[in-house]
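Structural characterization, general
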Amino acid sequence: MGELPMGNGREIFHFANHVVKGRWFSLFASFLIMAGAGATYLFGTYSKEIKASLGYDQTTLNLLGFFKDLGANVGVFSGLIAEVTPTWFVLLVGAAMNFTGYFMIWLSVVGKIPKPKVWHMCIYICLGANSQNFANTGALVTSVRNFPESRGNMIGLLKGFTGLSGAIMTQLYLAVYGNDSKSLILLIAWLPAAVSVIFVYTIREMRVVKQPNQLRVFYYCLTIAIVLALFLMVMTLVEKAVAFSHAAYVVTATVACALLFLPLLVFVREELDVFRRKNMPISPPQIDTEHRPVVLEKEDNSTTLEIKKGDTNSKCFWFTDIFFNKPERGEDYSILQALLSTDMLILFLATFCGLGTSLTAVDNLGQIGESLGYPTTTIKSFVSLLSIWNFFGRIFSGFVSETLLVKYKFPRPLMMTLVLLLSCIGLLLIAFPFPGSVYVASVIIGFSFGAQLPLLFSIISELFGLKYYSTLFNCGQLASPLGSYILNVKVTGPLYDRQALKELAKKGLTRSSVKELTCIGNQCYRQAFIILASVAFFGALASLILVARTRNFYKGDIYKKFREQAEATEAEMASTNNNRIH
């Protein structure tokens with residue numbers, strides 16, 4: 001690691017200012033924000049408190065789960081707001097929504113306010129969950145635009161930290177509040193909001209510049225993230241077997257936070273190299289203008305560079321533009337061109353089947369463990385394991401799909417097909433349980449659920465361009481809450497309640513005889529999860545159609561224009577630097 005500048009205090013101040021304003025520190029802030037943006041994955045931990053405190057049945061709880069998923073996945077508003085406002089405003093809006101929604105839920109559960117109506121709770125959880133879209137849009141979209149040639153790695157890392165969010169916040173709430181699920185809701189309310197406010201001005205879009213050590217830095221971050229995930233997984237299993245004191249929980253949370261901040265050391269080293277190069281004269285790189293004519297256009301705000309090869313689009317009617325004169329895959333589509341394309345419709349169907357079934361399994365995991373007779377501490381272990389393997393799925397699909405794409409032209413849609421087939425296995429393990437099968441199902445469902453999101457976001461950016469990425473990637477996941485509503489609220493919840501009523505009838509009881517409608521036994525979720533496995537398999541078949549449609553596109557060089565843009569930017573910066581020096 002290079003030595004820090006040891007000149008006068010002014011030089012150190014300039015370096016510190018350079019670090020804080022640099023793209024690597026912006027990425028570090030994005031890591032922290034995304035690590036707090038996964039509160040929705042903890043629903044299985046605190047949903048039991050909501051059900052018991054407010055006297056809900058499973059169908060009502062699943063309705064809350066749907067509104068949670070609806071808020072978490074309807075990010076169109078955050079995308080449209082990001083098109084016309086700066087990133088700091090997007091992050092502040094998200095922070096306000098997060099605190100308001102979850103704080104009202106906490107007040108309701110602990111009885112600080114009168115028992116709210118069900119539709120009130122639906123609004124609260126939808127509002128709180130929707131805040132994560134503002135974090136995604138502010139942090140993830142900005143980072144992808146800052147590092148476009150490594151978008152698979154970038155999305156995998158960022159969504160990976162979101163996948164770890166549940167396990168990280170579980171350790172923090174155990175250290176701060178003890179084993180109190182109600183207080184977990186309070187932590188979810190204030191912590192992510194505080195992180196967004198602290199780093200609100202740090203995350204911003206910058207010009208694309210060639211980073212010589214970029215891939216190596218991402219693999220350093222990957223290593224740190226894997227160590228953090230393994231630590232959290234080990235501690236989850238140990239805490240299940242051994243009774244921890246409060247001091248032990250504090251130590252565990254401290255180590256987790258230290259690992260979470262460790263990437264900052266790597267980024268400071270990289271910024272030191274950038275700082276030194278910035279103050280040295282360098283020769284502009286040679287660009288092949290004979291075969292690749294490039295025209296640089298600098299926007300008025302001097303923050304982005306566009307490379308254009310000539311205006312080949314002729315004026316035509318609006319309807320024809322949207323449905324017939326669409327750009328080539330990989331070029332910048334308009335919002336309507338992308339949303340009304342066949343590729344997006346196929347992605348929508350695959351997402352409906354894949355994320356819809358996965359979210360249903362995630363939301364019911366607590367009740368699944370209960371129905372199979374697992375104790376409360378074991379059920380919390382299921383949720384934490386799912387969160388951790390959610391992380392592994394995200395980084396796997398991000399880094400592995402990127403490597404396979406660059407080296408072997410392996411299309412990302414084919415990776416999505418394989419992930420959906422894997423999801424079918426996890427769902428069937430719940431439909432036909434055996435001793436310990438829920439542990440395996442938690443791992444498989446968590447992994448496949450996590451792997452789908454980076455693939456979806458990467459495919460959208462590759463097929464439809466980055467110009468309107470803020471809106472398009474949020475539109476792309478709209479199928480997820482729709483799938484969750486149909487499969488969770490209309491299928492799984494009623495089937496569970498019907499089986500529970502059968503169990504009551506066998507005992508000679510009616511629904512009015514019990515406060516909480518609970519089903520115990522292997523049969524409780526069997527029929528529902530057979531249906532879910534069938535739907536996931538259908539989604540895998542749908543994604544195969546996209547594989548066939550895009551095979552020629554993925555055989556080409558999809559990152560060529562971004563390399564040209566980076567070379568052009570580097571040439572301009574080198575010329576400006578030499579002029580300043582001479």
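Rules behind the numbers
- Residues numbered from 1 in each chain as written.
- Predicted model: local features only at pLDDT ≥ 70, side-chain atom pairs only at ≥ 80, totals over all residues.
- Heavy atoms only, no water.
- UniProt positions renumbered as here; feature names shortened; annotations may be inferred.
- Helix = DSSP H or I, 4+ residues; strand = E, 2+ residues; numbered from the N terminus.
- Buried < 20%, exposed > 50% of the residue type's maximum accessible area, 1.4 Å probe, protein only.
- Areas by Shrake-Rupley, 256 points an atom, 1.4 Å probe, with all protein chains shown as cover.
- Disulfide = S-S within 2.5 Å.
- Contact = heavy atoms within 4.5 Å.
- Salt bridge = Lys/Arg side-chain N within 4 Å of Asp/Glu carboxyl O.
- Expected span 1.5 Å × (residues − 1).
- Core = buried A, V, L, I, M, F, W, Y, C linked by side-chain atoms within 4.5 Å.
- Domains from an automatic or database assignment.
- Axes fitted to C-alpha atoms, helices over the stretch in contact; angles between N-to-C directions.
- Parallel < 35°, antiparallel > 145°, perpendicular 65-115°, else oblique.
- Left-handed = near helix turned anticlockwise from the far one by under 90°.
- Nonpolar A, V, L, I, M, F, W, Y, C, P; charged D, E, K, R; others polar.
- Phe/Tyr/Trp six-rings, centres within 6.5 Å; stacked < 30°, edge-to-face > 60°.
- Lys NZ or Arg CZ within 6 Å of the ring centre and 35° of its normal.
- Patch = residues over 30% accessible without salt bridge, like charges linked within 9 Å, V, L, I, M, F, W, Y side chains within 5 Å.
- Bend = angle between axes of the 7 residues up to and from the residue.
- pLDDT = per-residue confidence, 0-100.

For the protein, the name recorded in an unreviewed UniProt entry is Protein NUCLEAR FUSION DEFECTIVE 4-like isoform X2, with Nicotiana tabacum as its organism. Per UniProt, the protein has the following entry under Sequence similarities (unreviewed entry): "Belongs to the major facilitator superfamily. Phosphate:H(+) symporter (TC 2.A.1.9) family." The protein has a UniProt comment under Subcellular location (unreviewed entry) that states "Membrane".

Now for the overall build of the protein. Each helix and strand in the protein was counted, giving 23 helices and 2 strands. Buried positions account for 57% of the 582 residues belonging to the protein. Counting only carbon and sulfur atoms, one obtains 65% of the accessible surface of the protein, whose full area is about 24100 Å².

Enumeration over the complete set of coordinates arrives at 1 disulfide. Note that Cys 519 is cross-linked by a disulfide to Cys 524, the S-S spacing being 2.0 Å. Disulfide Cys 519 to Cys 524: torsion about the S-S bond roughly -85°, handedness left-handed. Between Cys 122, a cysteine without a disulfide, and Cys 126, which holds the nearest cysteine sulfur, the sulfur-to-sulfur distance is 8.6 Å.

Right, let's get into unusual backbone geometry. For Lys 409, which is not glycine, the phi dihedral falls at a positive 55°. Summarising the element assignment, Lys 409 is placed in the loop between α17 (376-408) and α18 (412-431). Residue classification places Lys 409 among the partly exposed residues on the basis of a relative accessible area of 33%.

Attention now goes to the side chain of Ser 196. Mapped onto the secondary structure, Ser 196 falls in helix α9 (residues 181-198). Residue classification places Ser 196 among the buried residues on the basis of a relative accessible area of 7%. In this view, Ser 196 contacts Ile 33, Leu 91 and Ala 95; residues no more than four positions away in its chain are not counted.

What follows concerns the pattern of salt bridges. Enumeration over the complete set of coordinates arrives at 10 salt bridges. Between Lys 48 and Glu 370 there is a salt bridge, and its shortest N-O distance comes to 2.5 Å. Note that Lys 48 is positioned in helix α3 (residues 43-54) and Glu 370 in helix α16 (residues 365-371), a separation of 322 residues in sequence. Given a relative accessible area of 32%, Lys 48 falls into the partly exposed group. One salt-bridge network, held together by shared partners, links Arg 216, Arg 269 and Glu 270.

Relative to the 33 Å expected for 23 residues at 1.5 Å per residue, helix α6 (residues 87-109) spans 33 Å between its end C-alpha atoms, a close match to the ideal helical length. Positive backbone phi, at 80°, marks Gly 111, one or two positions downstream of α6.

Among the nonpolar cores identified, the biggest contains 164 residues, and Tyr 46, Ile 50, Tyr 469 and Phe 529 are the most heavily contacted of them. The greatest single-element share of this core, amounting to 15 residues, is contributed by helix α19 (residues 437-464). Split by domain, the residues of this core number at least three in each of domain 1 (23-276) and domain 2 (341-573).

For the rest of this paragraph, the subject is the packing of helix α2 (residues 23-35) against helix α10 (residues 214-241). Where α2 contacts α10, the two axes come as close as 13 Å, and the packing angle between them is 25°. The pairing of α2 with α10 is recorded here as roughly parallel in orientation. α2 and α10 meet at a crossing whose hand is right-handed. Facing α2, whose interface residues are Trp 24, Leu 27 and Phe 31, α10 presents Gln 214, Val 217, Phe 218 and Cys 221. Here the residues of the contact of α2 with α10 sort into 6 nonpolar, 1 polar and no charged.

In this section: the packing of helix α8 (residues 151-177) against α9. Packing of α8 against α9 leaves a shortest axis separation of 10 Å and a crossing angle of 110°. It follows from the interaxial angle that α8 and α9 lie roughly perpendicular. Judged by the sense of rotation from one axis to the other, the crossing of α8 with α9 is right-handed. Of the residues in α9, those in contact with Met 169, Leu 172, Tyr 173 and Tyr 177 of α8 are Ser 181, Ser 183, Leu 184, Leu 186, Leu 187, Ile 188, Trp 190, Leu 191 and Pro 192. For the contact of α8 with α9, the residue count by class is 11 nonpolar, 2 polar and no charged.

The subject of this paragraph is the packing of aromatic side chains. Applying the stated criterion to the full structure yields 29 aromatic pairs. Judged by centre distance (5.9 Å) and plane angle (45°), the ring pair of Phe 25 and Phe 28 falls under tilted. Separated by 3 residues within a single helix, Phe 25 and Phe 28 lie in helix α2, roughly one turn from each other. The rings of Trp 24, Phe 31, Phe 147, Phe 161, Phe 218 and Phe 267 are connected pair by pair, giving a single aromatic cluster. Cation over ring: Arg 23 sits above Phe 147, and NZ or CZ is 5.9 Å from the ring centre.

A contiguous nonpolar patch, built from Leu 349, Leu 418, Leu 421, Phe 537, Phe 538, Leu 541 and Leu 544 and spanning about 600 Å² of accessible area, is present on the exposed surface. Listed by contribution, the elements that provide at least two residues to the nonpolar patch are α18 and α22 (526-555). Per-element tally for the nonpolar patch: the top contributor is α22, with 4 residues. For Phe 537, a relative accessible area of 43% gives the class partly exposed.

Look at helix α15 (residues 342-363): 31 Å from first C-alpha to last across 22 residues, which is about the 32 Å you get at 1.5 Å a residue. A bend of about 25° at Thr 351 is the largest found in α15.

Take the environment of Tyr 201 next. Its place among the elements puts Tyr 201 in the loop between α9 and α10. Taking the C-alpha atoms as reference points, Tyr 201 and Trp 88, separated by 113 residues in sequence, lie 5.6 Å from one another.

Counting all residues, the mean pLDDT for the protein is 82, and 85% of those residues have values of 70 or more. Across residues 282-316, where pLDDT falls below 50, the model places 51 contacts with residues more than four positions away in sequence or in other chains.

If you trace the backbone, Glu 205 turns up in the loop between α9 and α10. Of the residues examined, Glu 205 reaches a relative accessible area of 35% and is grouped as partly exposed. Along the primary structure Glu 205 and Val 141 are separated by 64 residues, whereas in three dimensions their C-alpha atoms are 8.9 Å apart.

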